[in-house]
Amino acid sequence: MIKEKKNWWKESVVYQIYPRSFADSNGDGIGDLNGITEHLDYLKKLGIDVIWLSPVYQSPNDDNGYDISDYRAIMTEFGTMADFDRMLEKAHSLGIKIVMDLVVNHTSDEHAWFLESRKSKDNPYRDYYIWKDGKPDGSAPNNWQSFFSGSAWQYDETAGQYYLHCFTKKQPDLNWENEKVRNEVFDMMTWWCEKGIDGFRMDVISALSKDPAYPDGPVRDGLYGDLTPFVLNGPHIHEYLQEMNEKVLSRYDLMTVGETPGVSPAEAARYANSDGTELNMVFHFEHVNEDSVSTPVLGKWGYDHPDLKKLRVILNKWQIELEGKAWGSLYWDNHDQPRAVSRFGNDAPAYRVRSAKMLGTLLHMMKGTPYIYQGEELGMTNITFTDTSDFRDVEEINAYKQYVVDNHMISAEEMLKCFSAVGRDNARTPMQWDDSENAGFSFGTPWIPVNPNYREINAKAAVSDPDSVFCYYQKLISLRHENPVIVYGEFRPLLEDSDTIYAYERVLDQETLTVACNWTEKEVPCTLFDALSGTELISNYSTHKAGVLQPYEARVILKK
Ligand code: TEU
Ligand code: CA
């Protein structure tokens, strides 16, 4: 019998929209809200239940909307509040819920609060942010490196002090120790809930509570110290989220997912505890950081193709350790990650579709709420950067400056190769709607180059091709809606020593779902299905060979 409490957000499939790159309705080359509204029917056809909307609030776009200057206004480039209301209404009429991106670890430096805060030490808004005097020699208060390269401290002449920014210097961290800040945020959240939204994805929410000592961090790349031990999962984080839950979240029927870098399964069970006193679920990062170990000095840029055995240990650990304790989230990529089929699968023409379907099977048959990033359902791929004019992302721009220009730690060619492998702009090339100019994304000049493979990889072709990744994802989603064992079944690992096959089963009452995926482009021995009775729910091959799994073959058998 089902052990967990049944909830709509446990039974849902979520689709993430990065509005800037989704659909441009007015020809300025930038995606917008009306472009989303015009494509909601496509998402209804895919069968998803919830949209996670990356930030659409007013922003100077230093970090493409993750630097908010007005939480209650729509970004000028994305449209108006009336456009938002129209999109929300149409989504709800189609039975699709809208989850907003809540970015409250920091604001833009153009937010009214920060403009006031920096004016003087006795300004009423001074303590909305984290201001510190420099060291006696005038240098920064400590050696922390920002997530986006360079020092995490910026000296402000007007304010006469340094302020903390864990991300860009245009993203000053809010001071969550200040009750006024917390109440400002809770009031804003309530304002959006009263408009009828259905939840929040909470940006880097594990960073709200900093170590009050602000000590120097361990030096990794010879330049700066690591801030993560002192900003992630800090001393008061659970108090803050329990207060948020009590004052806002518990008063509406919401889905909440925390982006929690640095979280362990035990910590996740606190954030997403089944008592419902904090959040519904969290995103961990272990499986998307596993491949950045080859040259630690470059952090995430030291990429390697993920190793199946390490990946399986991570994902199985999360499945098993959350069982009965907390709900989980499932994702291969998002707006911060490279394209799944390029990173985890094989985007060579001969294997792209097959391996994209295999990845979809592996993830969507697991326990937890699955997230599909725009274009993943098409098997969209990474793009190759050949010139510094090709990329837009501030994380890449700053890394290029730090590692290539300022410190000569890596060549320009090597850095471009790293960006082509794991850069965030891989996920931010325009959604490929059809084979017309600019892939149907815009009748203007797109803000970022379109992937030249849009002529072969686009939604128009996929929707009418029964063998497309799109149609396969449609089926994965409908299987989840039809089979409680996929949502609530207990996860049990299989073939844990295999170098080539990822297999597991899901068990609910007398039903057993058996899943096996060949992670490689080679045919591999596998007898798992030879003696297995039951119904095949889905596979990316129409015929099978006894005793083997074909290249990237995925099979799902249900035994009732
Ligand atoms: O990302 C937070 C975060 O952990 C990032 O450092 C992420 O790990 C990195 O981008 C991967 O290389 C959130 C948002 O998802 C991201 O888009 C924002 O840039 C960031 O917060 C600041 O708001
Ligand atoms: Ca536009």
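Residues numbered from 1 in each chain as written. Chains lettered and ligands numbered in written order. Predicted model: local features only at pLDDT ≥ 70, side-chain atom pairs only at ≥ 80, totals over all residues. Heavy atoms only, no water.

**Examining the overall build of the protein chain**
Which entries qualify depends on this criterion: Runs of H or I in DSSP of at least four residues are treated as helices and runs of E of at least two as strands, each being numbered from the N terminus. The globule rule used here is 2.2 Å times the number of residues to the 0.38 power, and the radius of gyration it is set against is calculated over C-alpha atoms. Pairs of residues are marked as contacts when any of their non-hydrogen atoms sit within 4.5 Å.
Helix and strand content of the protein chain: 17 helices and 20 strands. Taken over C-alpha atoms, the radius of gyration comes to 23 Å for the protein chain, in line with the 24 Å a tight globule of 560 residues would show. Here the C-alpha coordinates of the protein chain stretch approximately 75 × 50 × 45 Å along the principal axes. Relative to all contacts within the protein chain whose residues are 6 or more apart in sequence, the contacts with residues 24 or more apart total 70%.

**Here's the deal with the domain arrangement of the protein chain**
Spelled out, the test is: Start and end positions for the domains come from either an automated domain assignment or a database one. Here's the idea: put two parts together, see how much 1.4 Å probe accessible area each one loses, and the total over both is what we call buried area. For salt bridges, the criterion is a side-chain nitrogen of Lys or Arg within 4 Å of an Asp or Glu carboxyl oxygen. Between N or O atoms, a polar contact is any pair within 3.5 Å; within protein, one atom must be a potential hydrogen donor and the other a potential acceptor, and residues adjacent in sequence are included only when both atoms are from side chains. Throughout, the ten residues Ala, Val, Leu, Ile, Met, Phe, Trp, Tyr, Cys and Pro are labelled nonpolar, Asp, Glu, Lys and Arg are labelled charged, and all others, Gly among them, are labelled polar.
Each assigned domain of the protein chain is listed here: domain 1 (9–103 + 333–383 + 429–482), domain 2 (112–164), domain 3 (205–330), domain 4 (386–428) and domain 5 (490–559). For domain 2 versus domain 3, the distance between C-alpha centres works out to 26 Å. Facing 14 residues of domain 2, the contacting portion of domain 3 comprises 15 residues. Overall, the association of domain 2 and domain 3 removes approximately 1200 Å² of surface from exposure, summing both partners, and the carbon and sulfur fraction of that is 61%. Taken as a group, Asn143, Trp144 and Gln145 account for 54% of the area that domain 2 buries against domain 3, more than any other trio of residues on that side. At the junction of domain 2 and domain 3, the tally comes to 1 salt bridge. Its salt-bridge partner being Asp216, residue Lys135 comes within 3.4 Å of it at the nearest N-O pair. Summed over the shared surface of domain 2 and domain 3, the number is 7 residue pairs in polar contact (both at pLDDT 80 or more). For the side of domain 2 that touches domain 3, the per-class residue count stands at 6 nonpolar, 6 polar and 2 charged.

**Remarks on the pattern of salt bridges**
Two side chains of opposite charge can pair, provided their charged atoms sit close to one another. For clarity, the cut-off: A 1.4 Å probe rolled over the protein chains alone gives each residue an accessible area, and that area as a share of the maximum for its type sets the label: buried under 20%, exposed over 50%, partly exposed in between.
This structure, assessed with the given rule, holds 35 salt bridges. Among the ionic pairs, Asp83 bridges to Arg86, the shortest N-O distance being 2.3 Å. One end of the pair is Asp83 and the other is Arg86, both in helix H3 (residues 81–93) and 3 residues apart, which spans about a single turn. A residue is classified by how much of its surface remains accessible, and Asp83, at 8% relative accessible area, is buried. Glu286 is the salt-bridge partner of Lys317, the closest N and O atoms lying 2.6 Å from each other. Taken together, the residues Lys317 in helix H10 (residues 308–322) and Glu286 in helix H9 (residues 286–289) connect sequence positions 31 residues apart. Because the salt bridges share partners, they merge into one network encompassing Asp63, Lys300, Asp336, Asp393, Glu395, Arg424 and Arg428.

**Side note on the packing of aromatic side chains**
Rules: Stacked, tilted and edge-to-face are the three classes assigned to paired rings of Phe, Tyr and Trp, where Trp is represented by its six-membered ring and a pair needs centres within 6.5 Å; plane angles under 30 degrees give stacked, over 60 edge-to-face, the rest tilted. Any Lys NZ or Arg CZ found within 6 Å of a ring centre and within 35 degrees of that ring's normal is scored as a charge over the ring.
Taken as a whole and judged by the stated rule, the model has 38 aromatic pairs. The interplanar angle of 80° and the centroid separation of 5.0 Å between the aromatic rings of Tyr42 and Trp433 together place this pair among those described as edge-to-face. One end of the pair, Tyr42, is in helix H2 (residues 40–46); the other, Trp433, is in the loop between helix H14 (412–422) and helix H15 (459–463), and 391 residues separate them in sequence. On the basis of relative accessibility, which here comes to 10%, the residue Tyr42 falls in the buried class. Seen from their ring centres, Phe114 and Trp131 are 5.6 Å apart, and the 15° between their planes marks the pair as stacked. Linking Phe114 in helix H4 (residues 112–117) with Trp131 in strand S6 (residues 131–132), this pair joins segments that are 17 residues apart in sequence. Each of the two residues, Phe114 as well as Trp131, counts as buried. An aromatic cluster is built from Tyr57, Tyr71, Phe84, Trp113, Tyr125, Tyr128, Trp191 and Trp192, whose rings are joined through pairwise contacts. If you follow Arg126 out to its NZ or CZ, it ends over the ring of Trp131, 4.3 Å from the centre.

**Things to note about the coordination of the calcium ion (ligand 2)**
To be explicit about the condition: Listed donor atoms are N, O and S within 2.8 Å of the metal (Na, K and Ca: 3.2 Å). As water is not included, a site may look incomplete.
Distances from the calcium ion (ligand 2) to its protein donors, Asp24 (OD), Asn26 (OD1), Asp28 (OD), Ile30 (O) and Asp32 (OD), fall at 2.2 to 2.4 Å. For the calcium ion (ligand 2), the donor residues sit on a single chain with the sequence spacing D-x1-N-x1-D-x1-I-x1-D. Judged on exposure class, the residue Asp24 and its partner Asp32 are both buried.

**Quick notes on the sheet that holds strand S20 (residues 554–559)**
Put simply, the rule reads: Strands qualify as paired when DSSP identifies two bridges or more between them. Axis definition: a line fitted to C-alpha atoms, limited for helices to the stretch in contact. Angles are taken between N-to-C directions and run from 0 to 180 degrees.
Read from one edge to the other, the open sheet built from 5 strands follows the order S14-S15-S16-S20-S18, with strand pairing classed as antiparallel. Lying at the two open borders of the sheet, with one neighbouring strand each, are strand S14 (490–494) and strand S18 (535–539). On average, each strand axis in the sheet is inclined to that of its neighbour by 20°, with strand direction left out of account. Sheet topology note: the S14/strand S15 (residues 501–508) ladder contains 5 bridges and is antiparallel. Its bridge partner being in S15, Phe491 is matched across the sheet by Arg506. Together, S14 and S15 form the strand contacts of H10, whose direction differs from that of S15 by roughly 15°.

**Digging into the environment of Thr520**
Tracing the sequence through the fold places Thr520 in the loop between strand S16 (511–518) and strand S17 (524–525). Thr520 sits in the buried class, given a relative accessible area of 15%. The spatial distance from the C-alpha of Thr520 to the C-alpha of Ile205 is 36 Å, given a sequence separation of 315 residues.

**Side note on the site of ligand 1**
The condition that has to hold: Each residue is tested against the molecule or strand, and it is near if at least one of its non-hydrogen atoms lies within 4 Å. Surface accessibility follows the Shrake-Rupley procedure with a 1.4 Å probe radius. Residue values consider only the protein chains on display as shielding.
The local shell around ligand 1 holds 19 residues, among which Asp63, Asp203, Lys300, Asp336 and Arg424 are the closest. The side chain of Asp63 places a nitrogen or oxygen atom 2.5 Å from an oxygen atom of ligand 1. For ligand 1, an oxygen atom lies 2.4 Å from a polar atom in the side chain of Asp336. Across the complex, the protein chains shield 94% of the 490 Å² of accessible surface that ligand 1 would expose by itself. Split into classes, the residues belonging to the shell around ligand 1 amount to 7 nonpolar, 3 polar and 9 charged.

**Re the side chain of Asn105**
Assignment of secondary structure puts Asn105 in the loop between strand S5 (97–102) and H4. When its relative accessible area of 0% is taken as the criterion, Asn105 is described as buried. At 3.0 Å, the side chain of Asn105 forms a polar contact with the side chain of His106. Contact partners of Asn105, with chain neighbours within four places excluded, come to Phe167, Asp173, Leu174, Trp176, Asp203, Val204, Ala207, Leu208 and Lys210.

**Focus on the pairing of strand S7 (residues 153–156)**
Sheet topology places S7 next to strand S8 (residues 161–164); 4 bridges connect them, and they run antiparallel. Within the sheet, the bridge partner assigned to Asp156 lies in S8 and is Gln161. Where S7 folds back on S8, the antiparallel hairpin that results is connected by 4 residues, among which Gly160 adopts a positive phi of roughly 75°.

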